[in-house]
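Spelled out from the first residue to the last, the chains are:
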Amino acid sequence: MTSRLEDHGVRFRPHLKTAKSIDVARIAIAGNFGGVMVSTLKEAEYLADNGITDITYGVTVLPDKLPRIAALVKRGIKIGVILDQVDFAREISRQAVDLGIVLDVLIELDSGEKRAGVFAESPELLEIGRALVELPGTRLEGVLTHAGHSYQCRTIEDIRKVAEEERMVAVTAATRLRAIGLPVPVVSVGSTPTATHGVSFEGLTEVRCGVYMFGDVMQSEIHSCEPRDIALSVLATVIGHRPQFNTALIDAGALALSKDRSTAAPGLAEDIGFGMVMDMSCRQRISGVTVGHVYQEHGLLVSQGPFPYHLLPVGSKVRVLPNHACMTAAMYDRYHVIVGDDDQHIASWPRINGW
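Given the structure is predicted, the values throughout are model-derived calculations rather than measurements.

Definitions and cut-offs
- Residues numbered from 1 in each chain as written.
- Predicted model: local features only at pLDDT ≥ 70, side-chain atom pairs only at ≥ 80, totals over all residues.
- Heavy atoms only, no water.
- Buried < 20%, exposed > 50% of the residue type's maximum accessible area, 1.4 Å probe, protein only.
- Helix = DSSP H or I, 4+ residues; strand = E, 2+ residues; numbered from the N terminus.
- Arc of directions from axis to C-beta.
- Contact = heavy atoms within 4.5 Å.
- Phe/Tyr/Trp six-rings, centres within 6.5 Å; stacked < 30°, edge-to-face > 60°.
- Lys NZ or Arg CZ within 6 Å of the ring centre and 35° of its normal.
- Core = buried A, V, L, I, M, F, W, Y, C linked by side-chain atoms within 4.5 Å.
- Salt bridge = Lys/Arg side-chain N within 4 Å of Asp/Glu carboxyl O.
- Pairing = 2+ DSSP bridges.
- Right-handed = clockwise from strand over helix to strand, strands pointing away.
- Lys, Arg positive; Asp, Glu negative; His and termini not counted.
- Polar contact = N/O pair within 3.5 Å; in protein donor to acceptor, adjacent residues only side chain to side chain.
- Axes fitted to C-alpha atoms, helices over the stretch in contact; angles between N-to-C directions.
- Parallel < 35°, antiparallel > 145°, perpendicular 65-115°, else oblique.
- Left-handed = near helix turned anticlockwise from the far one by under 90°.
- Nonpolar A, V, L, I, M, F, W, Y, C, P; charged D, E, K, R; others polar.

Novice: Would you mind going over helix H4 (residues 66-74) in detail, with residue names and values included?
Specialist: For H4, the complete set of buried residues consists of Leu66, Ile69, Ala70 and Leu72. End-on, the buried residues of H4 take up no more than an arc of 160°, which puts them together on one face. The secondary structure elements touched by the buried residues of H4 are helix H3 (41-49), strand S3 (54-60), strand S4 (78-83), helix H5 (86-99) and strand S5 (103-109). Gly76 occupies a position one or two residues after H4 and carries a positive phi of about 95°.

Novice: So what's going on with the packing of aromatic side chains? Which residues, and what values?
Specialist: Using the criterion set out here, one finds three aromatic pairs in the structure. In this structure, Arg11 is placed above the aromatic ring of Phe33, and the distance from its NZ or CZ to the ring centre is 4.1 Å. The lysine or arginine in question, Arg261, covers the ring of Phe274, its NZ or CZ lying 5.2 Å from the ring centre.

Novice: Which residues make up the nonpolar core, and what values go with them?
Specialist: Ranked by size, the top nonpolar core spans 71 residues in total, and within it Leu47, Ile55, Ile69, Leu103, Ile107, Leu109 and Val143 carry the most contacts. With six residues, helix H7 (residues 156-179) is the single largest residue contributor to this core. Other than its neighbours up to four places away in sequence, Leu103 contacts Leu66, Ile69, Val81, Ile92, Ala96, Gly137, Thr138 and Arg139. Within the second largest apolar cluster, 21 residues are counted, among which are Ala248, Ala252, Leu257 and Val320.

Novice: If you had to explain the pattern of salt bridges to someone new, which residues and values would you point to?
Specialist: Two side chains that carry opposite charge are able to pair once their charged atoms sit near each other. Evaluated as defined, the whole model comprises 21 salt bridges. Between Glu164 and Arg167 there is a salt bridge; the shortest N-O distance is 2.7 Å. Of this pair, Glu164 and Arg167 both sit in helix H7, three residues apart, which is roughly one turn of the helix. Residue classification places Glu164 among the partly exposed residues on the basis of a relative accessible area of 31%. Through salt bridges with shared partners, a single network forms among Arg11, Arg13, Asp54 and Glu206.

Novice: Tell me what's going on with the pairing of S3, and back it up with residues and numbers.
Specialist: Relative to S3, strand S2 (residues 36-38) runs parallel, the two sharing three bridges. Counted as the bridge partner of Val38 is Tyr57 from S3. In this fold, the crossover linking S2 to S3 by way of H3 has right-handed handedness. Sheet analysis places S3 next to S4, joined by four bridges and oriented parallel. Note on S4: the bridge partner recorded for Thr60 is Ile82.

Novice: Describe in detail unusual backbone geometry, supporting the description with residues and values.
Specialist: With a phi close to 50°, Lys20 is a non-glycine residue in the positive phi region. In this fold, Lys20 is placed in the loop between strand S1 (11-14) and helix H2 (22-29).

Novice: Would you mind going over the side chain of Asp84 in detail, with residue names and values included?
Specialist: Within the secondary structure, Asp84 sits in the loop between S4 and H5. We note that Asp84 is buried and unpaired, the nearest opposite charge coming from Arg115 at a distance of 9.0 Å. Only 2.8 Å separates the side chain of Asp84 from the backbone nitrogen of Gly117, close enough to count as a polar contact. Discounting residues that sit within four places of it in the chain, Asp84 has contacts with Glu108, Ala116, Gly117, Val118 and Ile128.

Novice: If you had to explain the side chain of Glu166 to someone new, which residues and values would you point to?
Specialist: As for its placement among the helices and strands, Glu166 is situated in helix H7. Among buried Asp, Glu, Lys and Arg side chains, Glu166 stands out as unpaired, with Arg208 the closest opposite charge at 5.9 Å. Contact partners of Glu166, with chain neighbours within four places excluded, come to Ser111, Thr145, His146, Ala147, Val189, Gly190, Ser191 and Thr194.

Novice: I'd love a proper account of the packing of H4 against H5, names of residues and values included.
Specialist: Taken N-terminus to C-terminus, the directions of H4 and H5 make an angle of 50°; their axes are 10 Å apart at the nearest point. By the angle between their directions, the pair H4 and H5 is classed as oblique. As for how H4 packs across H5, the hand of that crossing is right-handed. Of the residues in H5, those in contact with Leu66, Pro67, Ala70 and Lys74 of H4 are Ile92, Gln95, Ala96 and Leu99. Of the residues in the contact of H4 with H5, the class split is six nonpolar, one polar and one charged.

Novice: Provide a residue-level description of the pairing of strand S16 (residues 344-350), including the pertinent values.
Specialist: Two faces belong to every sheet, and in a regular strand the side chains alternate between them. Relative to S16, strand S15 (residues 334-339) runs antiparallel, the two being bridged by six bridges. Across the sheet, the residue bridging to Tyr335 is Trp349, located in S16. Connecting S15 to the antiparallel partner S16 that follows it, the hairpin turn spans four residues, and Gly340 within it adopts a positive phi of roughly 80°.

Given below as structure tokens:
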């Protein structure tokens, strides 16, 4: 991803909401300008503690978060925040002044996901832009959007269309703000599918994405990666056979795998239930076997045909590839790093959770 975006002449800001690990962050920012994006202030504080000094906080900023943000700013951390309402701009400016800081703010745009943001052609965009420039506690950093609806695409052609729409929304908004004399140094877009398959990045200054670091089955089914690229798996043990039901049990349930069922969405190649079952090496799929149901600490393995009990005796280990890497990784406090044909364990990388 670093090489791809460098070739397109835009800077890359990796999103750490998936990994939440300084060890992964250091790999992700290598060869880039060093900035990251986060989804929680705990991530921001943790990464700042580990030497990262340029952070965008990618959730609408609320006034009650400002004391923690101010503490980061006063430590010399460049932290950008986002908003999409002029009333928020006025309130955070007032509190920023009280806290003795000036906030760098990006206006969030809706490029089609319908989750948050203002429309690029709306009068609200210009109203917010003017407020951020005129208010004493804020600076207009730029515009930002996330094409999360790219996850609904089923072909690379469709992803490219969404990527172009995402780009045009950001560029249009920046152009309108500049036309009334406002500075727009940052024009930022990003999602793993659009960063992977976008054709033009003209007019953009920055791209962000995060799940690309690990990949998952959902991403492989929407062409963001190949199944062999998926780097995250859950190690589990077969703990029981139920031949009368053509099933087996593993010791990884909802708290190990999450309850994400994204591959059940219409139009995808295969519904893998709560996870795709691989052999211990994670190189060979156990054909037709998926995690069909999860209890708190149990996973129920099901098979499309006769269950291959000979491949999965009680006590054997499997690796389960997740539907959604972000949700599954969130269940753990560390990653165990393995390399080579013999799956040598070379490191344990801590991660953080919480807000």
